[in-house]
Amino acid sequence: MAIKRWALILTTAAAALPALVGAQGGRSMTIDDLLAAIRVTDPQVTADGRQVAFVRATTDLQAGRRNGDIWIVPADGSAPPKLLAGGDKGESAPRFSGDGRKLAFISTRAGAPQVFVMDVGGGEARQVTKLAAGVQPPLIFSADGSKVAFVSDVNIGDDGKPEQVKARRLRRLMFRHWDEWRVGVRHHVFVADASGRDEPVDVTPGDFDSPPHFYEDGGIAFSPDGKELAFVSNREGGDREAWTTNKDVWIVPVTGGEAKKITTSNAAADETPMFSPDGKSVAVRAQRRPGCESDRWSIDIYDRASGAKRTLFETPDLSVGEYAFAQDGKSIWFTAAEKGTENLFVVSSGGGTPQRIAKGGAINSLRVARDVVVYAKSTLTAPSDLFALSTGGGEGATRQLTRENASWSKDVAWPTPESLTVRGAGGTPVQYWLLKPPAFEASKKYPVVFLIHGGPQGAWEDAWSSRWNPSLWAAQGWIIAAPNPRGSTGFGQTFVDEVSQDWGGKVMTDLDAVFDAVAGMPFVDNRKMAIAGASYGGYAVNWIAGHSDRFQAAVSHDGVFNLESMALATEELWFTEWEFGGPAWSDQARANFAKWSPHLHVAKIKTPMLIITNELDFRVPVDQGLQLFTALRRNGVPSETLVFPDEGHWVLQPLNSKYWHESVFGWLKKYLSDEGTATRR
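Not measured: the values here are computed from a predicted model. (Residues numbered from 1 in each chain as written. Predicted model: local features only at pLDDT ≥ 70, side-chain atom pairs only at ≥ 80, totals over all residues. Heavy atoms only, no water.)

Draft legend 1. Structural view of the overall build of the chain. When helices and strands are tallied, the chain shows twelve helices and 38 strands. Taken over C-alpha atoms, the radius of gyration comes to 25 Å for the chain, in line with the 26 Å a tight globule of 681 residues would show. Overall, the chain is about 75 × 60 × 50 Å in size when its C-alpha atoms are taken along their principal axes. If you sum the accessible surface of the chain, you get close to 26300 Å²; carbon and sulfur atoms cover 50% of it. (Helix = DSSP H or I, 4+ residues; strand = E, 2+ residues; numbered from the N terminus. Rg over C-alpha atoms; globule rule 2.2 N^0.38 Å. Areas by Shrake-Rupley, 256 points an atom, 1.4 Å probe, with all protein chains shown as cover.)

Draft legend 2. Fine view of the nonpolar core. Ranked by internal contacts, the top residues of the largest apolar core, which has 62 residues, are F450, W503, M508, V518 and Y539. The greatest single-element share of this core, amounting to eight residues, is contributed by helix 5 (residues 506-519). Look past the residues within four positions of V518 in its chain and what remains in contact with it is Y432, L434, V448, F450, A481 and V524. Counting residues in each nonpolar core, the second largest holds 40 residues, with I31, W468, V664 and L668 among its members. (Core = buried A, V, L, I, M, F, W, Y, C linked by side-chain atoms within 4.5 Å. Buried < 20%, exposed > 50% of the residue type's maximum accessible area, 1.4 Å probe, protein only. Contact = heavy atoms within 4.5 Å.)

Draft legend 3. Structural detail: the sheet that holds strand 16 (residues 228-233). Taking strand neighbours across the sheet as the criterion, the four strands line up as 15-16-17-18 in an open arrangement whose pairing is antiparallel. Bordering the open sheet on either side are strand 15 (220-222) and strand 18 (260-261), each of which pairs with just one other strand. As paired elements, strand 16 and strand 17 (residues 248-253) share six bridges and run antiparallel to each other. Along strand 17, the bridge assignment pairs E228 with P253. (Pairing = 2+ DSSP bridges.)

Draft legend 4. View of unusual backbone geometry. Here P137 and P138 are connected by a cis peptide whose omega angle stands at 5°. Following the sequence through the fold, P138 ends up in strand 9 (residues 136-141). S210 connects to P211 through a cis peptide bond whose omega is -5°. Topologically, P211 is positioned in the loop between strand 14 (201-202) and strand 15. Here the phi dihedral of M174 falls at roughly 55°; this positive angle occurs in a residue that is not glycine. Counting through the fold element by element, M174 comes out in the loop between strand 10 (147-155) and strand 11 (176-177). With relative accessibility at 12%, the residue M174 sits in the buried group. Phi at T272 takes a positive value of approximately 50°, unusual for a residue other than glycine.

Draft legend 5. Representation of the pairing of strand 32 (residues 429-435). Among the seven residues that make up strand 32, six are buried, leaving the element largely enclosed by the rest of the structure. In terms of strand pairing, strand 31 (residues 418-423) meets strand 32 through six bridges, oriented antiparallel. Bridge pairing in strand 32 links E418 to L434. Here strand 31 folds back onto strand 32 in antiparallel fashion, the turn holding five residues, of which G426 has a positive phi close to 65°. Examined bridge by bridge, strand 32 and strand 34 (residues 479-484) share five bridges and lie antiparallel to one another. Across the sheet, the residue bridging to Y432 is P483, located in strand 34.

Draft legend 6. Highlighting the packing of aromatic side chains. Inspection of the entire model under this criterion finds 32 aromatic pairs. Here a set of aromatic residues connected by ring pairs shows up, and it is made of W503, Y536, Y539, W543, F575, F580, F593 and W596. Lying across the ring of W181, R176 places its NZ or CZ 5.6 Å from the centre. One cation-aromatic arrangement involves R235 over W250; the distance from NZ or CZ to the ring centre is 5.0 Å. (Phe/Tyr/Trp six-rings, centres within 6.5 Å; stacked < 30°, edge-to-face > 60°. Lys NZ or Arg CZ within 6 Å of the ring centre and 35° of its normal.)

Draft legend 7. Spotlight on the pattern of salt bridges. Counted according to the given criterion, the structure contains 37 salt bridges. Here R56 and E404 are joined by a salt bridge, their closest N and O atoms 2.6 Å apart. Here the residue R56 occupies a position in strand 2 (residues 51-60), and E404 occupies one in the loop between strand 30 (398-400) and helix 2 (406-409), the gap between them amounting to 348 residues. Residue class for R56 comes out buried when judged on its relative accessible area of 17%. Judged by its relative accessible area of 13%, E404 falls in the buried class. Two residues, R289 and D295, come together in a salt bridge whose shortest N-O distance is 2.8 Å. Residue R289 is classed as partly exposed on the basis of its relative accessible area, which comes to 26%. (Salt bridge = Lys/Arg side-chain N within 4 Å of Asp/Glu carboxyl O.)

See below:
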């Protein structure tokens, strides 16, 4: 439910670029379309701005297997993409050397994931690492191409138990995280010679995660001269890692040695270090409030010589997503959410007011090179593709580099998403997306399904999702409404903050306002309404079902049900302690549990409910869904539960995802049909 992981994501120049929208009368989108859609991720651009490498992942639906290869495309769009490194083994994390002649990447072609380096012009890739534990992103190349840095797990200590004993001996918190048990193992950063001649050097030894597990993105950076490495680590102490968000940025020589903390003046989270091109300063993405993982993100810049810190900008109220220095160091490009979109901005590295450069859709994977900015962009009706923006502007400044899903997308009758607004709690505007089904006729009445996002600090954006895809839901013949109530990002930090310790308060008033507005639309059959959500969205479904009987059916995926039992079973204690006012035994937390826990209202639930809960979900542990299912069956409420033993908070494996979609859609169709409506009445 973190802003970064719980949640379930162009310019005026790019507006002329057509979205992948099918002709009127085209076919409906299918589950197989979603699962087999080619995924374009992790673009990397050469320093001269001429070539872009990216990961192109395809899915074999029969085998239930997804595989990524590395492709390359000219940044000027003069030629189509071509395969650079691929096969039946997975390739990922492409990284160019400074001169653009070499490419480092991670591959499973030798078994466990290892680092390989190849010449961009062709030839065989050579293996650089042979670590028994394998390697994992982030992977980075030094500017001169002589070194690579990456992350690998190392064992810390020995629990002394006999080999035949399967017990896990726990000595600290964070013993499991997200969907992994993390007993006696730590993330460390290694530096290796790109030639592969020497053994990699562990430059972050000790009983610490560097970078923290599951928050690895942007966690390491080489200095421009290649002599130092910046990394992120929480070194508050073993147990404190579970309840403090105080990640810091450290710098260590690439040969190893004592690490120096540079973010000494901030007790909240610091991450994503980036050296200025001249090496004289380090930029850091930073929060201000300790313990609040959903706080606004700012950019702080530290002077290497004096250690002085300055913040790039205070206004407007934007929370920085990804960012990168321009090659000349004079400006910084960044992404930020705004009212249901993820937009692109630039600001002087000396400070000032950011200028919005690109608006609309969801922009991510930002990369900046000489005279060009490369990024991925998706919308609610188009999977992610790559775009290049010439920083000099002019005609044709924005170019689309890939069209990987055009072959099938052109035949689909896509909805036209509408961004609408109602007045929520206290008269505050609440934005929501409305999508209509294919072949929509205004004279007819349609069932409606309300999708409630997770987080609660997250948002439904004009973005493609491979898990909860509103366009696919609309293709089932339903009106889809996706609200952004209190807690949603992109509407200012105050709007985000107003959900904490108020999980069933203003946010529910906001949701009710959307429910009422949509139910009153002339083409909506308000006798056939359903709700569905995941994580906090699942909590909201559970809460609403205990306070209203207006819905014909509900789907609760990995939803919080019993706040009290959840508080000490989840792994990231900073989340529950911030959201409910303190440790589980504190008076404030106990009062909030009593006020906002859905399990205390379960006797009033009458709505038929499908519950999904997964055995590897350590964020909202499996017992939450099982408690809900037990209570509903005990009370005679129509209910079923899906339990995936090999999935965590998200259902990711292709065949599991197919079964998930078929089950969810089948459940809702059963109760949104005329027969189902008659049964509920």
